[in-house]
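# Structural overview
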Amino acid sequence: MSDDVQPGFVRVRLDLSYDGTGFSGWAKQAGGRRTVQGEIEDALRTVTRSGEATYELTVAGRTDAGVHARGQVAHVDLPVEVWGEHREKLLKRLAGRLDKDVRVWRVAEAPAGFNARFAALWRRYVYRVGDRVGGVDPLLRSHVLWHDWELDVAAMDAAAKSLVGEHDFAAYAKKREGASTVREIFDFGVRRRLDGVVEIEVRADAFCHNQVRSMVGALLFVGDGHRGVEWPRKVLDARVRDSAVHVVRPYGLTLEEVAYPADELLAERQLQARRVRGEVYGVRRPGPSSGSAPAGDRRADVPGTEHGPKNG
């Protein structure tokens, strides 16, 4: 068990996916709105017959309303006796309780040092766009954005590649007081599938709020010829929000995968992420002129997620 698990509890990892169309995001919200976190926590209490007990999920990457997830990861700390009694049938019982737009595919006792949020190495998102004159396949309408201009995928890919690396993404982020906007993008590319759908794929250690959808908005302007290939990088280097960069709609975005280190490295990774977060909030912030922040200023409020602490 990891060192932040209270005595008498077992940390359980959940691998899950959901169609975000009917949810007001991942995180629980006031007002009775339907959220993924609320749905799963309610189901856990019901199938384990835990009454009013609170089993709070910690997730790898909070998603906004309408955003989907294929490879989401979360953890929950359950009392030892509850886990012991229900572990063999928990997955099947959750399948019978949850609505069909959210599925838990695996539940297992987590290795020592595991934390869905802090131990993750990177998250991979894909944004899907259709540019056929007639529109998007009706069967894909909740997962693919229709862009009514033909897209130059090669130009978009070149523009995406210019954003790879560690940079201050303030120009593509919704500013949050006290939070760094420095992130490191490992891979960023654009391809067209055989069925014509354009996939914009990005893998990074962390994402600022609205960063992915803002970068996609910039790439679409390049793809349809309204801006040159160099424009997204110029926006990045300016480090201020550009009114020409639109945050595209959420339903084209899917969290595809979350990666973790080998079991023996989980605790080290978690401690590293927690230390970075503490330094960002409590000690240092990016300077006004450098394109990259010094060590200790990287990866701010929620390591590895596109969204801040209170996002839905």
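Residue positions are given per chain, counting from 1 as you read along its sequence in written order. The predicted origin of the model limits local features to residues at a pLDDT of at least 70 and limits the giving and counting of side-chain atom pairs to 80 or more, whereas totals for whole chains, interfaces and linings rest on all residues. Hydrogens and waters are ignored; side-chain quantities use all the structure's heavy atoms.

### Observations regarding the overall build of the protein chain
The criterion, for reference: Segments assigned H or I by DSSP are reported as helices when at least four residues long, segments assigned E as strands when at least two residues long, and all are numbered from the N terminus. Buried residues are those whose accessible area, probed at 1.4 Å on protein chains only, stays under 20% of the maximum for their type, while exposed residues exceed 50% and partly exposed ones sit between those limits. When checking whether two residues touch, look at their non-hydrogen atoms; a contact exists if any pair is within 4.5 Å. Accessible areas in this description were obtained via Shrake-Rupley with a 1.4 Å probe; residue shielding takes into account the shown protein chains only.
In terms of helices and strands, the protein chain carries seven helices and 10 strands. Counting only residues that meet the buried cut, the protein chain has 55% of its 312 residues in that class. Within the protein chain, contacts between residues separated by at least 24 positions form 72% of all contacts whose residues are at least 6 apart in sequence. Surface accessibility of the protein chain: about 14,200 Å² in total, with carbon and sulfur atoms responsible for 50%.

### Re the side chain of glutamate 201
Quick reminder of the rule: Each polar contact in these results corresponds to two N or O atoms within 3.5 Å; when the atoms are within protein, one needs to be able to donate a hydrogen and the other to accept it, and residues that are neighboring in sequence are counted only if both atoms are side-chain atoms.
Note that glutamate 201 resides in strand 9 (residues 198–204). Residue glutamate 201 is classed as buried on the basis of its relative accessible area of 19%. Here arginine 124 takes part through its side chain, which lies 2.6 Å from a polar atom of the side chain of glutamate 201. Setting aside anything within four residues of it in sequence, one finds glutamate 201 in contact with Arg124, Tyr125, Val126, Asp187, Phe188, Gly189 and Arg191.

### Structural notes on the packing of helix 4 (residues 153–161) against helix 5 (residues 211–223)
Spelled out, the test is: Lines fitted to the C-alpha atoms define the axes, with helices restricted to the stretch that makes contact. Angles between their N-to-C directions range from 0 to 180 degrees. An angle below 35 degrees is treated as roughly parallel, one above 145 as roughly antiparallel, one from 65 to 115 as roughly perpendicular, and anything else as oblique. Put simply, a crossing is left-handed when the front helix is turned counterclockwise from the back one by less than a right angle, and right-handed when it is turned clockwise. Gly counts as polar in this scheme, as do all residues outside two lists: the nonpolar Ala, Val, Leu, Ile, Met, Phe, Trp, Tyr, Cys and Pro, and the charged Asp, Glu, Lys and Arg.
Where helix 4 meets helix 5, the closest approach of the two axes is 8 Å, and the angle between their N-to-C directions is 140°. Here helix 4 lies oblique to helix 5, going by the angle between them. Relative to helix 5, helix 4 is oriented so that their crossing is right-handed. Contact with helix 4, carried on its side by Ala155, Met156, Ala159 and Ala160, involves Leu219, Leu220, Val222 and Gly223 of helix 5 and no other residues of that element. Taken together, the residues of the contact of helix 4 with helix 5 sort by class into seven nonpolar, one polar and no charged.

### Overview of the packing of aromatic side chains
Note the following rule: Aromatic pairs are defined between Phe, Tyr and Trp rings, using the six-membered ring for Trp, whenever the two ring centres lie within 6.5 Å; interplanar angles under 30 degrees are classed as stacked, those over 60 as edge-to-face, and all others as tilted.
All chains considered together, the criterion is met by five aromatic pairs. A centroid spacing of 6.4 Å and a plane angle of 70° characterise the contact between tyrosine 18 and phenylalanine 23, whose relative ring orientation is edge-to-face. Centroid distance tyrosine 18 to tryptophan 26: 6.2 Å. Interplanar angle 35°. Geometry classified as tilted. Owing to a relative accessible area of 5%, tyrosine 18 belongs among the buried residues under this scheme. Overall, the relative accessible area of 2% leaves tryptophan 26 in the buried class.

### Side note on the pairing of strand 8 (residues 182–192)
The following threshold applies: Two strands make a pair as long as DSSP finds a minimum of two bridges between them.
Where strand 7 (residues 165–168) meets strand 8, four bridges bridge the pair, whose relative direction is antiparallel. Within the sheet, the bridge partner assigned to glutamate 166 lies in strand 8 and is glutamate 184. Pairing analysis gives seven bridges linking strand 8 to strand 9, with the strands arranged antiparallel. Bridging from a neighbouring strand, aspartate 187 pairs with arginine 203 of strand 9. If you look at the hairpin formed by strand 8 and strand 9, you'll find five residues sitting between the two strands, and glycine 196 has a positive phi there, around 95°.

### Examining the confidence of the model for the protein chain
Filter applied, for reference: Predictor confidence is given residue by residue as pLDDT, running from a minimum of 0 to a maximum of 100.
Mean pLDDT over the protein chain stands at 88; residues scoring 70 or higher make up 88%. For residues 281–312, every residue scores under 50 in pLDDT, and the model assigns this stretch 116 contacts once sequence neighbours within four places are set aside.

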